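# Structure assessment
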Amino acid sequence: DVKVTQSSRYLVKRTGEKVFLECVQDMDHENMFWYRQDPGLGLRLIYFSYDVKMKEKGDIPEGYSVSREKKERFSLILESASTNQTSMYLCASSTYYTRGGLTDTQYFGPGTRLTVL
Amino acid sequence: GQQLNQSPQSMFIQEGEDVSMNCTSSSIFNTWLWYKQDPGEGPVLLIALYKAGELTSNGRLTAQFGITRKDSFLNISASIPSDVGIYFCAGDYGSGNTGKLIFGQGTTLQVKP
C-alpha cells in the first residue's frame, strides 16, 4: 500500500514564525504536491514537484516555498506565517509511468491542520 | 487556473436513498477521478476513469466519464451512514508528466440514519 505521511496532524504557530510542513512517501513516486483545503474552495494547488530539485508553482504559491532534496520528501515552507494561512494542508504523490503516460492516482497524506494566531 | 464545477455543494439525505453528483469542465479531460474524504483525513480514491464513455462500478458506487470528455458523474446507491464525507472530482487535462490534477469544490454528504 502507498503511504504518504505528514509530520504533524495539528500545528499552532504565531504570526511571523517560519513554519515547515514535511511530507514523506514510500512508493518511489516522481510527483509530489502540496494543496491547501478551505471550506467551499476545494483543494487548491500551492506547489508541485515532478523530480528531485524540480518545483513548479501551482495556483496559489504566494507566501509559500518548497524544497525537494530527496525523491521521497517534499517540504512546504511558510516563510512568515500569517493568519490567512490558517488552513488544512494536504500532501499527495503520484507516479506518471504506470499507465502509459496517463495521469495516475494521487495518494494523499492525512493532512496537517495549521492554525496561525 | 482551470476549474471544475461540482454540484451539488452539499446534500442531506435519508439512509437508503440514492445519491448523484456531477462535475463539468470547459476543457476536455483525459482522466477523471473521484475521491472521498472522511472527516479529519486525507482524500482517498474511489474510482478512476480513463476513457470517454467509460462506466465503472465499485460496490455501491458507479461513475461515468462523459462522452464529450467534459463531464463526469458519481452515483451512490442505497446510502449508509458511513457514506458521510466530502466527495471530490478531479481531472487531468493533459499536464504532461507532472501528474497535475484539477479538483472540484467538493460535495458534502450527510446521511440521516
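The notes below deal with the structure included here.

Basis of the calculations
- Residues numbered from 1 in each chain as written.
- Chains lettered and ligands numbered in written order.
- Predicted model: local features only at pLDDT ≥ 70, side-chain atom pairs only at ≥ 80, totals over all residues.
- Heavy atoms only, no water.
- Disulfide = S-S within 2.5 Å.
- Helix = DSSP H or I, 4+ residues; strand = E, 2+ residues; numbered from the N terminus.
- Buried < 20%, exposed > 50% of the residue type's maximum accessible area, 1.4 Å probe, protein only.
- Contact = heavy atoms within 4.5 Å.
- Buried area = accessible area lost by both parts, 1.4 Å probe.
- Salt bridge = Lys/Arg side-chain N within 4 Å of Asp/Glu carboxyl O.
- Phe/Tyr/Trp six-rings, centres within 6.5 Å; stacked < 30°, edge-to-face > 60°.

The next point concerns the state of the cysteines. In protein chemistry, a disulfide is the covalent bond that joins the sulfur atoms of two cysteines. Taken as a whole and assessed by the stated rule, the structure comprises two disulfides over all chains. Cys23 of chain A shares a disulfide with Cys91 of chain A; S-S distance 1.8 Å. For the disulfide bridge between Cys23 of chain A and Cys91 of chain A, the dihedral angle about the S-S bond is near -75°, and by the sign convention the bridge is left-handed. Here the residue Cys23 of chain A occupies a position in strand 3 (residues 19–25), and Cys91 of chain A occupies one in strand 9 (residues 87–94), the gap between them amounting to 68 residues. Both residues of the pair, Cys23 of chain A and Cys91 of chain A, belong to the buried class. With a sulfur-sulfur separation of 1.7 Å, Cys23 of chain B is cross-linked through a disulfide to Cys89 of chain B. Between Cys23 of chain B and Cys89 of chain B, the S-S dihedral sits near -80°, and the bridge is therefore left-handed. On the criterion of sequence distance, the pair formed by Cys23 of chain B in strand 3 (residues 19–25) and Cys89 of chain B in strand 9 (residues 85–92) is long-range, its members being 66 residues apart. Taking relative accessible area as the criterion, Cys89 of chain B reaches 0% and is therefore assigned buried.

A separate point is the interface of chain A and chain B. Taken together, the 26 residues of chain A in the interface contact 23 residues of chain B. Overall, the association of chain A and chain B removes approximately 2,100 Å² of surface from exposure, summing both partners, and the carbon and sulfur fraction of that is 57%. One salt bridge in this structure joins Arg9 of chain A and Glu41 of chain B, with 3.5 Å as the shortest N-O distance. Counting only elements with at least two residues in the side of chain A that touches chain B, the list comes to strand 4 (31–38), strand 5 (42–51) and strand 9 of chain A. Among the elements that line the side of chain A that touches chain B, the one with the most residues is strand 5 of chain A, at five residues.

All right, on to the packing of aromatic side chains then. Across all of its chains, the model carries nine aromatic pairs over all chains by this definition. Their ring planes at 80° and their centres at 5.3 Å tell us that Tyr35 of chain A and Phe103 of chain B sit as a pair that is edge-to-face. Placement of the pair is Tyr35 of chain A in strand 4 and Phe103 of chain B in strand 10 (residues 102–103), with the two residues belonging to separate chains. With relative accessibility at 1%, the residue Tyr35 of chain A sits in the buried group. The class for Phe103 of chain B is buried, based on a relative accessible area of 8%. Measuring from ring centre to ring centre gives 5.9 Å for Phe108 of chain A and Phe103 of chain B, while their planes differ by 75°; the resulting arrangement is edge-to-face. You can see Phe108 of chain A sitting in strand 10 (residues 107–108) and its partner Phe103 of chain B sitting in strand 10, one on each of two chains.

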